[in-house]
Amino acid sequence: MTGAGKGADRLAFSVNKLAAAISAAVSVQQVIAYADAWQSVQGKLRQVTTSQEQLVTVTQQLITVANATRTGLEPTVDLFTQLSRATDGMGVSQAKLIGLTKTINNLMLASGGSADSMKAAITQLGQGLAFGALRGEEFNSVAEQAPLLLKAIREETGKTVGELRKFAADGGITTELIIKSLENYGPAAQKAADAMGKTFGQS
């Protein structure tokens, strides 16, 4: 009992030190914002996972992807869930979806655009994937705000930008083609992201 009491005292002391460190670093409002963001992330992932075990695994994998690609966890989860919904019924494995998420994050990082422009491009890409083809407004947004993503499709098809625009209008840039293009462009996307200097905020 004496040993247990001492152990409890040490634990309480450690917890108090941790609480003090957190209090010094962030405000109560920030802590609440982080907690709300975490609940939102978990809620979104529950919609595209089938068990608690899978939820934990996917969450950890996406945290790793977000850190590796210097991207926020929330936009990373948003991208993953959009990819999951858009490819539902196509037999795309979860491991492949994680890989696609990482590649797209790397391409967005290498493009060097603002967070808002990247978010808009990902939204348009997700809509294109959901519709089964990237065309019209979705194509224009991706071409303007995420040119490296478009380059991945150009590399896969061997088409110029002008040819790709017509190809898109004809419905040629299908979900299957986008997935294949991103899979094959993964190493090049990683190399392009690695070449980008890390900002203070990203650090």
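Asks: Just checking my understanding: could you explain the overall build of the chain for this structure?
Replies: Helix and strand content of the chain: 11 helices and zero strands. Reading the helices (α) and strands (β) of the chain from amino to carboxyl end gives α-α-α-α-α-α-α-α-α-α-α. Relative to its 203 residues, the chain shows a buried fraction of 34%. Once local pairs closer than 6 in sequence are excluded, the contacts in the chain between residues at least 24 apart make up 65%.

Asks: What exactly am I supposed to notice about the packing of aromatic side chains here?
Replies: Any aromatic ring pair is given by two values, namely how distant the centres are and how the planes are angled relative to each other. Under the defined criterion, the tally for this structure stands at zero aromatic pairs. Lying across the ring of Phe167, Lys159 places its NZ or CZ 4.7 Å from the centre.

Asks: Where do I start with the pattern of salt bridges in this structure?
Replies: Any two side chains of opposite charge can pair, so long as their charged atoms come close to each other. Applying the stated criterion across every chain, the model contains four salt bridges. In this structure, the salt-bridge partner of Lys96 is Glu183, at a minimum N-O distance of 3.6 Å. With Lys96 in helix H5 (residues 94-111) and Glu183 in helix H10 (residues 175-184), this pair connects stretches of sequence that are 87 residues apart. Note that Lys180 and Glu156 form a salt bridge whose closest N and O atoms lie 3.7 Å from each other. One end of the pair, Lys180, is in helix H10; the other, Glu156, is in helix H8 (residues 147-157), with 24 residues separating them in the sequence. Looking at Lys180, the relative accessible area reads 46%, which means it is partly exposed. What makes Glu156 partly exposed here is its relative accessible area of 25%.

Asks: What exactly am I supposed to notice about the side chain of Thr59 here?
Replies: In this fold, Thr59 is placed in helix H3 (residues 52-68). Here the side chain of Thr59 touches Leu55 through a polar contact of 2.7 Å, landing on its backbone oxygen. Among residues more than four places away in sequence, those in contact with Thr59 are Trp38, Gln42 and Leu45.

Asks: I keep staring at the packing of helix H7 (residues 136-145) against H8 and nothing clicks. Help me out?
Replies: Pairs of packed helices are described in terms of their axes, by the angle between the two and the distance that separates them. At a minimum axis separation of 5 Å, H7 and H8 run at an interaxial angle of 110°. Here H7 lies roughly perpendicular to H8, going by the angle between them. Mapping the contact onto sequence places Phe139, Val142, Ala143, Glu144 and Gln145 in H7 and Pro147, Leu149 and Leu150 in H8. Looking at the contact of H7 with H8, its residues break down into six nonpolar, one polar and one charged.

Asks: Would you explain H5 in this entry?
Replies: Side chains three or four residues apart in an α-helix point the same way, a direct result of the helix having 3.6 residues per turn. A rise of 1.5 Å per residue sets the reference length of H5, with its 18 residues, at 26 Å; its end C-alpha atoms lie 26 Å apart and thus fit the reference within 8%. Inspection of H5 places Leu97, Ile98, Leu100, Thr101, Thr103, Ile104, Asn105, Asn106, Leu107, Met108, Leu109 and Ala110 among the buried residues, and these make up the whole buried set. Turning to H5, the residues buried within the fold contact H3, helix H4 (73-86), helix H6 (115-131), H8, H10 and helix H11 (186-194). Within two residues after H5, Gly112 carries a phi angle of roughly 75°, on the positive side.

Asks: Just to check I follow, could you spell out the environment of Gly128 for this structure?
Replies: With respect to the helices and strands, Gly128 occurs in helix H6. The spacing of Gly128 and Ala86 is 42 residues in sequence and 8.6 Å in space, taken between C-alpha atoms. Apart from the residues lying within four places of it in its own chain, the contact partners of Gly128 are Ala133, Leu134, Glu138 and Thr175.

Asks: Looking at this model, I keep getting lost on the nonpolar core. Mind explaining?
Replies: Most often, soluble globular proteins have nonpolar side chains that are buried together. In this structure, Leu45 and Leu149 are the most contacted members of the largest nonpolar core, which totals 40 residues. If one sorts the elements of this core by residue count, H5 sits on top with six residues. Filtering out sequence-adjacent residues up to four positions away, Leu149 remains in contact with Ile104, Leu107, Met108, Leu125, Val142 and Leu182.

Asks: Is there a simple way to explain the side chain of Thr87 in this structure?
Replies: Assignment of secondary structure puts Thr87 in the loop between H4 and H5. Residue Thr87 is classed as buried on the basis of its relative accessible area, which comes to 4%. Apart from the residues within four sequence positions on either side, Thr87 is in contact with Val92, Leu97, Thr175 and Ile179.

About the criteria used
Residues numbered from 1 in each chain as written. Predicted model: local features only at pLDDT ≥ 70, side-chain atom pairs only at ≥ 80, totals over all residues. Heavy atoms only, no water. Helix = DSSP H or I, 4+ residues; strand = E, 2+ residues; numbered from the N terminus. Buried < 20%, exposed > 50% of the residue type's maximum accessible area, 1.4 Å probe, protein only. Contact = heavy atoms within 4.5 Å. Phe/Tyr/Trp six-rings, centres within 6.5 Å; stacked < 30°, edge-to-face > 60°. Lys NZ or Arg CZ within 6 Å of the ring centre and 35° of its normal. Salt bridge = Lys/Arg side-chain N within 4 Å of Asp/Glu carboxyl O. Polar contact = N/O pair within 3.5 Å; in protein donor to acceptor, adjacent residues only side chain to side chain. Axes fitted to C-alpha atoms, helices over the stretch in contact; angles between N-to-C directions. Parallel < 35°, antiparallel > 145°, perpendicular 65-115°, else oblique. Nonpolar A, V, L, I, M, F, W, Y, C, P; charged D, E, K, R; others polar. Expected span 1.5 Å × (residues − 1). Core = buried A, V, L, I, M, F, W, Y, C linked by side-chain atoms within 4.5 Å.

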